[in-house]
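# An overview of the molecular structure
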Amino acid sequence: KKYESGFIMDPICIGPTLKVSELDKLRASSGFSGYPVTEDGRMGSRLLGLVTKRDTDFVSDRNAPVSTIMTKLEQLVTAQEGIDFHAANKILKE
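For the structure given in this document, a descriptive report is provided here. The model shown is predicted, which means the values in this text are computed figures rather than measured ones.

A tally of helices and strands in the protein chain yields three helices and five strands. Each helix (α) and strand (β) of the protein chain, taken in turn from the N terminus, gives the series β-β-α-β-β-α-β-α. Computed over the C-alpha atoms, the radius of gyration of the protein chain is 14 Å, within 12% of the 12 Å expected from 2.2 N^0.38 for a compact globule of 94 residues. In terms of its C-alpha atoms, the protein chain occupies a principal-axis envelope of roughly 40 × 30 × 25 Å. Once local pairs closer than 6 in sequence are excluded, the contacts in the protein chain between residues at least 24 apart make up 45%. Summing over all exposed atoms, the protein chain offers an accessible surface of approximately 6,700 Å²; the carbon and sulfur share of this is 53%. Charge-centre separation for the protein chain: the mean point of 13 positive side chains lies 4 Å from the mean point of 13 negative side chains.

Let us now look at the pattern of salt bridges. Evaluated as defined, the whole model comprises five salt bridges. Residue R42 pairs with D40 through a salt bridge whose shortest N-O separation is 3.0 Å. Judged by relative accessible area, R42 falls into the exposed class, the value being 57%. Three or more residues are tied together by salt bridges with common partners; here these are D24, R27 and R62.

Attention now moves to the side chain of T56. Along the chain, T56 falls in helix 2 (residues 53-56). In this structure the side chain of T56 is engaged in a polar contact, spanning 3.1 Å, whose partner is the side chain of R27. Among residues more than four places away in sequence, those in contact with T56 are V20, L23, R27, V51, R62 and I69.

Strand order in the open sheet formed by three strands is 3-4-5, with antiparallel pairing between adjacent strands. The open sheet is flanked by strand 3 (35-38) and strand 5 (71-72), the only strands paired with a single partner.

Cut-offs used in this document
- Residues numbered from 1 in each chain as written.
- Predicted model: local features only at pLDDT ≥ 70, side-chain atom pairs only at ≥ 80, totals over all residues.
- Heavy atoms only, no water.
- Helix = DSSP H or I, 4+ residues; strand = E, 2+ residues; numbered from the N terminus.
- Rg over C-alpha atoms; globule rule 2.2 N^0.38 Å.
- Contact = heavy atoms within 4.5 Å.
- Areas by Shrake-Rupley, 256 points an atom, 1.4 Å probe, with all protein chains shown as cover.
- Lys, Arg positive; Asp, Glu negative; His and termini not counted.
- Charge placed at Lys NZ, Arg CZ, Asp CG, Glu CD.
- Salt bridge = Lys/Arg side-chain N within 4 Å of Asp/Glu carboxyl O.
- Buried < 20%, exposed > 50% of the residue type's maximum accessible area, 1.4 Å probe, protein only.
- Polar contact = N/O pair within 3.5 Å; in protein donor to acceptor, adjacent residues only side chain to side chain.
- Pairing = 2+ DSSP bridges.

In structure tokens form, the structure reads like this:
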């Protein structure tokens, strides 16, 4: 199960050098629209940012790496692993 109580338990991570065109294909096959961008494209490595469909909607250069269009970690609202749903919602509301 990938989704539990508002949390994605097993996200598909991507690396920062993945091209937008490759991301388009991944979206079509996985059904997800947002992906964590990690240092090596795997769960457990350092989070660099997040890329969503909104980030790519108006990108004309589909050969651009996702690192050039992603929302960087410093701009994201994050919490420690294991946080419960209510505590996470409280952080989002702040």
